[in-house]
Amino acid sequence: MDDPSLRPDSVIRRGPDLSAELDHLVQSDLVHRGLYTDQGLFDLEMERVFGGTWCYLGHESEIAEPGSFVRRRLGRRQILLVRTGEGELRGLLNRCTHRGTTLVGEDRGCAKRFVCPYHGWSFALDGRILGLPLSASYDKLYERPFDLGQIEVASYRGFVFGTLAADPMPLEGWLGAAKPWLDEHIDRHPGGAIRVVPTSIKFEFRGNWKLSWDNAADGLHATFAHRSYNLIGKEAKTETVLARNPATTTMVSRTLGHGHCVVDQRPGIPGGPWSTMRPLPTRDALEASLEERGLHRPETLDLATGNMINLSLFPNLILVGNQLMVVEPLAVDRTRLTFYLALADHAPDEVNALRLRVDEDFISFGTPDDLEMFERVQEGLAVVEEEWIDISRGDNAGDQIDANGRVVGDIASEAPIRGYLQAWKKLMAKPIPTKVRRSRIEAAKFARQGKRASA
Amino acid sequence: MSGASAPANGLEAVRALYDGLVADKRFVETAPLHTDFARGEEVAALLRAECRLLDARRFDDWLSFWEDDALFWVPLDPEAHPGEDQSLLLDDRRRLGERVWRMNDKTAWGIWPPPKITRVLGGVETWTAPGADHEVLVASSLIIHYVRREHAWQTAGHQIHRLRNSGRGWRLCRKILVLPLIQTGVPNLGWLL
């Protein structure tokens, strides 16, 4: 068996070594337009970035019950994130091992087993094959690797990530310097309990996925792209969190390694998060209710809005407001942003009732202008002759670099862009060893042949 | 439900509002054939006018048709509950006013220059709202065609209106817009009313 791809448990390195080409396309202070427009690079991203490293898949609160599952995407693969009867988490490839049919068509649900609608093959929640019709028509059925393919999944305090990398670094190591910031997001919820609401908002834009990534840590755009949002705030005599003078604000951005970054807006809003909120539907009634119950305290109301710490976990999760925003590339010039709302189960009910209305505010009056900017950048990048985009802002002009090479800059610094592009380049440069996991590969003949060979 | 006495506690009042929205939606989904055709025609005129005013960007005129206890809800899922699930939007009169203000803000980059919208209204049915003699529930279907900056987009859905006649003709109290395409991913909807 010379072709390793014939072995279902093989570790395979796919695709070319692009080190030299990427050194050209991603320079320290410039990035080539091709990163946003090139189909070949996009195809490779779908394997190496979305598959070759940890990507956010979902939150454990979405699959709390045994048998519950959600259907997610990891690049072009559909993943069933499942809670087994024993309470384990599994990331199953939504692909029947018979003909490749997607097993499940629903976005979420609860199941005892997954049955393929095409030929009736059935699989347990941990991916083991349970049965197939006319099994006698296979010679040595037990030797065939028909258990479902799986990815590696790992959870950090409820946030579930998955990868096909054969030997991924431990999740906590990958989170690294971003971990305390994620902890901050979790710990502000009483008891550390976050519950993600099932219904999500899904927006699509005609642009490359990295445009939303560039934007997440871009503190400068808030003043200009969101001028309308800030004007609406002014009409209501409220200084929105985005209405700042970029030249004087004390907000900071930080790179956190592995492409992660954070924008900490707290230093710029001494009145606390709730002071940045305008009147909202139901706000008066809910504040009155808190008042009546003796719970009308600044820290309780602050909990109703975001913590003003925008955390980006490369490549696909951005925590902003009370939303978990997931970036899903659909094509080189088409992206879906899915917004999952987080509730604080142990907070007063009024807090969660307010959260339902708070995040609609920016979605209504801010997000449309972001989407417009992404599409207009994509349009502008069609100019082949203008090959380069400058990403030098802040470098040698305000950025401070610590002993670990992490950068702290003001909110106009493009250090977060430079930071994630270096992580992107590292992932994209060389083939990443990947592997499809299965429940019982050891029982299949492929594994036994391997053992014989090594004996 | 409007007409009932308001619960004292603010949280309960908010929950009652949300339950009322869901009840309106459930009512029209399970209602019998409507038979009061004369009033149905009267009410359909207001819905047609709403489409015409919105398409013509006469937003202030449209806003003037709303009662003070206005609620405009766009759920993300036909089965969603506004007090338990996220929504695309759930506006009161004040936030509707902000939405209208933004329609004419030339720095609202995502909606300026403004899209050209054509709303096609169909299937209007009307029933007296349970427990409220001066209010009606109206079911209709809607096609929305959108053109902006070289791109066209269209979607369809169902509307549920609650209208009130308190002596000044029919006015809007509640509107629920259920657009199934929202579940699969939609472009910027900052223009949606």
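Residues numbered from 1 in each chain as written. Chains lettered and ligands numbered in written order. Predicted model: local features only at pLDDT ≥ 70, side-chain atom pairs only at ≥ 80, totals over all residues.

A few words now on the overall build of chain B. Along chain B, the regular secondary structure elements total 4 helices and 6 strands. Listed by position from the N terminus, the elements making up chain B come as α-α-α-β-β-α-β-β-β-β. Taking 16 Å as the expected radius of gyration for a compact globule of 193 residues, we find that chain B reaches 16 Å, a close match to that expectation. Summarising the internal contacts of chain B: among those between residues at least 6 apart in sequence, 58% fall at separations of at least 24. (Helix = DSSP H or I, 4+ residues; strand = E, 2+ residues; numbered from the N terminus. Rg over C-alpha atoms; globule rule 2.2 N^0.38 Å. Contact = placed C-beta atoms within 7 Å.)

Looking only at helices and strands, one finds 14 helices and 23 strands in chain A. Computed over C-alpha atoms, the radius of gyration of chain A comes to 24 Å, within 12% of the 23 Å expected from 2.2 N^0.38 for 455 residues, which places it in the range of a compact globule. A principal-axis box enclosing the C-alpha atoms of chain A has dimensions of 75 × 60 × 40 Å. For chain A, buried positions account for 48% of its 455 residues. Counting contacts in chain A only where the partners sit at least 6 residues apart, residues at least 24 apart contribute 67% of the total. (Buried ≥ 20, exposed ≤ 12 C-beta atoms within 10 Å, placed from the backbone.)

Taken together, the contacts link 35 residues of chain B with 37 residues of chain A. When residues of the side of chain B that touches chain A are traced back to their parent elements, those giving at least two are helix H1 (10–30), strand S2 (87–91) and helix H4 (93–103) of chain B. No other element matches the 6 residues that H4(B) contributes to the side of chain B that touches chain A. The residue inventory of the side of chain B that touches chain A, partitioned by class, reads 14 nonpolar, 11 polar and 10 charged. (Nonpolar A, V, L, I, M, F, W, Y, C, P; charged D, E, K, R; others polar.)

What follows is about the packing of helix H9 (residues 283–292) of chain A against H1(B). The N-to-C vectors of H9(A) and H1(B) enclose an angle of 145°; their axes lie 7 Å apart at closest approach. Of the residues in H1(B), those in contact with Ala285(A), Leu286(A), Ala288(A) and Ser289(A) of H9(A) are Gly10(B), Leu11(B), Ala13(B) and Val14(B). When its residues are assigned to classes, the contact of H9(A) with H1(B) shows 6 nonpolar, 2 polar and no charged. (Axes fitted to C-alpha atoms, helices over the stretch in contact; angles between N-to-C directions.)

What links the strands of a sheet is backbone hydrogen bonding, and the strands pair in either a parallel or an antiparallel sense. Residue and element names in this part refer to chain B. On the basis of which strands lie adjacent, the open sheet formed by 6 strands has the order S2-S1-S6-S5-S4-S3 and mixed pairing. Two strands bound the open sheet, and with one partner strand each, they are S2 and strand S3 (116–128). Going across the sheet, the axis of each strand differs from the next one's by a mean of 20°, ignoring polarity. Relative to strand S6 (residues 170–178), strand S1 (residues 66–75) is paired through 4 bridges, and the arrangement is parallel. Within S6, the position partnered with Trp73 by the bridge is Ile176. In the packing of H1 onto the sheet, contacts are made with S1, strand S4 (135–148), strand S5 (151–165) and S6, and the angle to S6 comes to roughly 80°. (Pairing = 2+ DSSP bridges.)

All names here are of chain B. When S3 meets S4, the two strands line up antiparallel, connected through 11 bridges. Its bridge partner lying in S4, Gly122 is registered against Ser141. Counted between consecutive antiparallel strands, the loop separating S3 from S4 contains 6 residues, among which Gly131 sits at a positive phi close to 75°.

With that out of the way, let us pick up the environment of Ala124(A). All names here are of chain A. Locating Ala124 in the fold gives a position in the loop between strand S9 (122–123) and strand S10 (129–131). Among the residues examined, Ala124 registers 20 C-beta atoms within 10 Å and is labelled buried. On a C-alpha basis, the gap between Ala124 and Gly192 in space is 32 Å, while along the polypeptide they are 68 residues apart.

Residues and elements named next belong to chain A. Reading across from one edge, S13-S19-S18-S17-S16-S15-S14-S22-S21 is the order of the 9 strands in this open sheet, with antiparallel pairing throughout. Where the open sheet ends on each side, the last strands, each with one partner, are strand S13 (194–205) and strand S21 (400–401). In this sheet, strand S19 (residues 334–344) lies alongside S13 in antiparallel orientation, the contact comprising 9 bridges. Note on S19: the bridge partner recorded for Val196 is Ala342. Sheet strands touched by helix H11 (residues 349–365): S13, strand S18 (323–331) and S19. Its angle to S19, the strand with the most contacts, is close to 155°.

A few words now on the confidence of the model for chain B. Detailed conclusions should not be drawn from predicted coordinates in areas where pLDDT is low. All names here are of chain B. Of all residues in chain B, 96% attain a pLDDT of 70 or more, and the chain-wide mean is 94. Confidence, read as mean pLDDT per element, is least for helix H2 (residues 37–55) in chain B (95) and greatest for helix H3 (residues 59–63) (98). The ipTM, which scores confidence in the relative placement of chains, is 0.94 for this predicted complex, and the corresponding pTM is 0.95. (pLDDT = per-residue confidence, 0-100.)

In this structure, Leu57(A) and Leu81(A) are the most contacted members of the largest nonpolar core, which totals 156 residues. In terms of residue count, the dominant contributor to this core is H11(A) (8 residues). (Core = buried A, V, L, I, M, F, W, Y, C linked by C-beta atoms within 7 Å.)

On to H9(A), then. All names here are of chain A. If you check which residues of H9 are buried, you get Arg283, Leu286, Glu287, Ser289 and Leu290. Within H9, the buried residues cover an arc of 155° as seen down the axis, which keeps them to one side. Gly294 sits one or two residues past H9 and shows a positive phi near 70°. (Arc of directions from axis to C-beta.)

For Arg119(B), the location among the structural elements is in strand S3. Sequence separation between Arg119(B) and Arg52(B) is 67 residues, and the spatial gap between their C-alpha atoms is 7.8 Å.

This part is about the environment of Asp345(A). All names here are of chain A. Of note, Asp345 is situated in the loop between S19 and H11. On a C-alpha basis, the gap between Asp345 and Ile194 in space is 6.5 Å, while along the polypeptide they are 151 residues apart. For Asp345, the contacting residues outside a window of four places in its chain are Ala193 and Arg195.

Let us look at the pairing of S5(B). All names here are of chain B. Across 14 bridges, S4 lies against S5 in antiparallel orientation. Residue pairing in the sheet places Arg148 in a bridge with His151 of S5. Between the end of S4 and the start of S5, which pair antiparallel, lie 2 residues, with Arg149 showing a positive phi angle near 45°. Bridge count between S5 and S6: 8 bridges; the pairing is antiparallel. Bridge pairing in S6 links Arg164 to Arg171.

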